Amino acid sequence: VQLQASGGGLAQAGGSLRLSCAASGLTFSAYYMGWFRQAPGKEREFVAGISWSGGSTRYTDSVKGRVTISRDSAKSTVYLQMNSLKPEDTAVYYCAARLIVATQYKYWGQGTQVTVSS
């Protein structure tokens, strides 16, 4: 199983970035997908999650209204569209997958760095 995250980079405050996470080696529709982030010196935190169908999403409070998670089953890819970026969004972003019947994430991507300058 591989989760390949991409799309990170340097952005200015107020800008946008779109992260992608391509999954392979698993039955994509059987997994709830999530994005997490870890800033320097901080614990990893949940950012957003999306159900197998895409019909249900969840966001941490600090990104609500600025971030949209989506998934494309045909491409086995999950996206994180981030708008109105803030310097506090700077972190390594990870995608993760958990079986829809599980509570723990089983697979993790390698992370992609997002840096937002003020």
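Asks: What should I look at first to understand the pattern of salt bridges in this one?
Replies: For side chains of opposite charge, pairing can occur when their charged atoms come near one another. Per the stated rule, a full pass over the model turns up 4 salt bridges. Put simply, Arg-37 and Glu-45 hold a salt bridge, and the shortest N to O gap is 2.6 Å. A residue is classified by how much of its surface remains accessible, and Arg-37, at 6% relative accessible area, is buried. The residue Arg-37 makes a salt bridge to Asp-89 at a minimum N-O spacing of 3.0 Å. Pair noted here: Arg-37 is in strand S4 (residues 31-38) and Asp-89 is in the loop between strand S8 (77-82) and strand S9 (91-99), with a separation of 52 residues, a long-range link. A relative accessible area of 2% places Asp-89 in the buried class.

Asks: Teacher, can you tell me more about the packing of aromatic side chains here?
Replies: The relation between two aromatic rings is expressed through the spacing of the ring centres and the mutual angle of the planes. Enumeration according to the criterion identifies 5 aromatic pairs in this entry. Between Tyr-31 and Tyr-107, the ring centres sit 6.0 Å apart and the planes meet at 55 degrees, which makes this aromatic pair tilted. Here Tyr-31 is found in strand S4, whereas its partner Tyr-107 is found in strand S10 (residues 107-108), with 76 residues between them in sequence. With relative accessibility at 7%, the residue Tyr-31 sits in the buried group. For the pair Phe-36 and Phe-46, a centre-to-centre distance of 5.6 Å together with 80 degrees between the ring planes defines the contact as edge-to-face. Of the two residues, Phe-36 is situated in strand S4 and Phe-46 in strand S5 (residues 45-50); the sequence distance between them amounts to 10 residues. Residue classification places Phe-46 among the buried residues on the basis of a relative accessible area of 16%. Following the ring pairs from residue to residue traces out a cluster consisting of Phe-36, Phe-46, Tyr-105 and Trp-108. A cation over an aromatic ring shows up here: Arg-18 above the ring of Tyr-79, its NZ or CZ 4.0 Å from the ring centre. Above the ring of Phe-46, the side-chain terminus of Arg-58 is found at 4.3 Å from the ring centroid.

Rules behind the numbers
- Residues numbered from 1 in each chain as written.
- Predicted model: local features only at pLDDT ≥ 70, side-chain atom pairs only at ≥ 80, totals over all residues.
- Heavy atoms only, no water.
- Salt bridge = Lys/Arg side-chain N within 4 Å of Asp/Glu carboxyl O.
- Buried < 20%, exposed > 50% of the residue type's maximum accessible area, 1.4 Å probe, protein only.
- Helix = DSSP H or I, 4+ residues; strand = E, 2+ residues; numbered from the N terminus.
- Phe/Tyr/Trp six-rings, centres within 6.5 Å; stacked < 30°, edge-to-face > 60°.
- Lys NZ or Arg CZ within 6 Å of the ring centre and 35° of its normal.

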